[in-house]
Amino acid sequence: MRRTLHYRLIMAALAAWLLAACSSNTTNTRMDQDTTLATQEAPVTIDDTTVQGLVIYYPLYSRIDLVCGKMPSQQDSGVIYCAEAAFTHELLDEFSHTNIDGDHVSGGKRFKGAKCKDNSGAFAWFGDTTWEFVHGEYGELLDSVAQAGGMGFGQAIIIYDGESIRPLWRDNKVTHYRALCEKDGRLCIADSRDEVEYERFVALLERFAPRHALYMDMGAGWNHSWWRDGNGKVHEIHPVAEKSRYCTNWITFYK
């Protein structure tokens, strides 16, 4: 009788120990998983506090392209940020590369675009880890980036090598504004949080103090843009509008 009771006590203690060990292992596994998820970097990080009035998007990308003709689908999980880049010359129902203001490179191929007096510079990504902003003529830059299999487009330079370009290239229409920037060795996109005069937007950029800032096409329809979070959910920055169907090109960041 005593032996049986002693045996039962031993078995109960052993079972309790095994249960505690399994529970501890499960807890540790879950903690490890949670820690891994917490340390994974989001494909796009957002800074809306450094300069009041600006929202800054930092894509964590593996490549960039200038997609032309049709906006990348939100169903393409490889796309993490997408927005209109170069100006569209005319409101046409059919796409043509010649309807994009300025020569440009898409998918490593150079295309002839429409002449645009407002294009005072350009941005190019060389298909590896390097990019370049230029102020002034950019034909040679596009030749080089096409040979490298990258992308590039012309636009209006706002800030170059830390210096604002004066006089301002456009009037003070009140709207949302956007610029592609290089800040502390990183590419980012700066949006005005609210509708402001252009001069106010430039002043906000000057406070942000990027090394380079290049205008990106905006206005109702052209401002339609979106980014993807770490869970794969798409967030629209500006919604589709009636004139969005006339858009012709988009700078596109891929994870």
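Before any of the text, the structure's been laid out above.
Residues numbered from 1 in each chain as written. Predicted model: local features only at pLDDT ≥ 70, side-chain atom pairs only at ≥ 80, totals over all residues. Heavy atoms only, no water.

Visitor: Explain the sheet that holds strand β3 (residues 63–68) to me, please; I cannot follow it from the model alone.
Guide: Hydrogen bonding along the main chain pairs the strands of a sheet, whether they run parallel or antiparallel. Ordered in space as β3-β17-β4-β15-β16, the five strands form an open sheet in which the pairing is antiparallel. Looking along the sheet, the strands with just one partner apiece sit at the ends: β3 and β16 (234–238). On average, each strand axis in the sheet is tilted by 20° relative to the strand beside it, whichever way the strands run. Looking at chain direction, β3 and strand β17 (residues 249–254) are connected through six bridges and run antiparallel. Bridge pairing in β17 links D65 to T252. (Pairing = 2+ DSSP bridges. Helix = DSSP H or I, 4+ residues; strand = E, 2+ residues; numbered from the N terminus. Axes fitted to C-alpha atoms, helices over the stretch in contact; angles between N-to-C directions.)

Visitor: It is not clear to me how helix α3 (residues 198–208) should be interpreted in this structure. Could you clarify?
Guide: Helical geometry: 3.6 residues make up each α-helical turn, so side chains three or four residues apart lie on a common side. Every buried residue of α3 is accounted for by Y198, F201, V202, L204, L205 and F208. Buried residues of α3, viewed axially, fall in a sector of 160°; they line one side. Each element contacted by the buried residues of α3 is listed here: β2 (54–59), β10 (157–160), β12 (178–183), β13 (186–192) and β14 (212–215). Just downstream of α3 lies A209, where phi reads positive at about 60°. (Buried < 20%, exposed > 50% of the residue type's maximum accessible area, 1.4 Å probe, protein only. Arc of directions from axis to C-beta. Contact = heavy atoms within 4.5 Å.)

Visitor: For this particular structure, what's the right way to read the layout of surface pockets?
Guide: Any empty space left between the atoms is revealed when a probe the size of a water molecule rolls over them. Space inside the largest pocket adds up to approximately 270 Å³. Among the residues making up the lining of the largest pocket, the classes are represented as five nonpolar, three polar and five charged. In terms of lining residues, the second largest pocket is bounded by E41, A42, T45, Y58, P59, L60, Y61, W131, G185, R186 and L187. Secondary-structure elements contributing two or more residues to the lining of the second largest pocket are β2 and β13. Classifying every residue of the lining of the second largest pocket by side-chain character gives seven nonpolar, two polar and two charged. (1 Å grid on protein atoms, 1.4 Å probe; cavity = no way out; pocket = protein on both sides within 12 Å on 5 of 7 lines; lining within 4 Å. Points joined across faces, edges and corners; volume = space filled by probe spheres on them. Nonpolar A, V, L, I, M, F, W, Y, C, P; charged D, E, K, R; others polar.)

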